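Understanding the architecture of this molecule
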Amino acid sequence: PAGTGSGAGDLRYSDPSGFSLEKPQGYEVRSIENDGGKTILVEKIGAGTGFQILVSPYDEPASGFTVARIKKDLPDLVMRDAKEFELSGGRGVMFDSDPDREIWFVAGDSLYQITSPLSDAEAAEHAAATFRTE
């Protein structure tokens, strides 16, 4: 069920577009549709902090999603301590870009860009690690 349920067993956020992730304990999720994609806001209840996930269409194979590929499109992007990783049905890159942690990955026909202040980086990494397409 999509939304912001508060029950202890309701930690999985399922998006109608066909993916889900485990929301960190104490966070709520809301989705905002935008041109051709959506923004998922994952906010710490009562704290005014959290992270966002930008979801947009992606029409290239996930296997080609690398640091080099990102640098080709965004040569001025700061990417410190970049690490490439595999996930179910996709491929991603995690890096620090002042002052945020970025976790970008391709799965299915979408690009997911998680942006988090370093204070919420652990929660963002947890959400990415529990991501799956449905």
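For the structure itself, look to the data block above.
Residues numbered from 1 in each chain as written. Predicted model: local features only at pLDDT ≥ 70, side-chain atom pairs only at ≥ 80, totals over all residues. Heavy atoms only, no water.

A few points about the nonpolar core
Judged by nonpolar contacts, the single largest core of 21 residues is most densely connected at Phe 19, Ile 40, Phe 51, Ile 53, Phe 105, Tyr 112 and Ile 114. Secondary structure elements with two or more residues in this core: strand S2 (19–22), strand S3 (27–34), strand S4 (37–44), strand S5 (50–57), strand S8 (100–107), strand S9 (110–117) and helix H2 (121–129). Among the elements that take part in this core, H2 stands out by supplying four residues, more than any other. Leave out the neighbours within four places in its chain, and Phe 19 touches Tyr 13, Ser 14, Ile 40, Val 55, Tyr 112, Phe 131, Arg 132, Thr 133 and Glu 134. (Core = buried A, V, L, I, M, F, W, Y, C linked by side-chain atoms within 4.5 Å. Buried < 20%, exposed > 50% of the residue type's maximum accessible area, 1.4 Å probe, protein only. Helix = DSSP H or I, 4+ residues; strand = E, 2+ residues; numbered from the N terminus. Contact = heavy atoms within 4.5 Å.)

Overview of the packing of aromatic side chains
Tallied over the full model, the rule gives nine aromatic pairs. These aromatic residues form a ring-pair network of at least three members: Tyr 13, Phe 19, Phe 105, Tyr 112 and Phe 131. (Phe/Tyr/Trp six-rings, centres within 6.5 Å; stacked < 30°, edge-to-face > 60°.)

Description of the pattern of salt bridges
Overall, the coordinates contain 10 salt bridges when judged by the stated rule. We note a salt bridge from Asp 15 to Lys 38, for which the minimum N-O separation is 2.6 Å. A residue pair is termed long-range when its members are at least 10 positions apart, and Asp 15 in strand S1 (residues 12–15) and Lys 38 in strand S4 qualify at 23 residues. Lys 38 matches Asp 15 in its accessibility class, with the two residues each being buried. (Salt bridge = Lys/Arg side-chain N within 4 Å of Asp/Glu carboxyl O.)

Overview of the sheet that holds S2
Spatial strand order, S1-S2-S10: three strands in an open sheet with antiparallel pairing. Of all strands in the sheet, those bounded by a partner on one side alone are S1 and strand S10 (132–133). Both S2 and S10 contribute to a ladder of two bridges, which runs antiparallel. Bridging from a neighbouring strand, Ser 20 pairs with Arg 132 of S10. (Pairing = 2+ DSSP bridges.)

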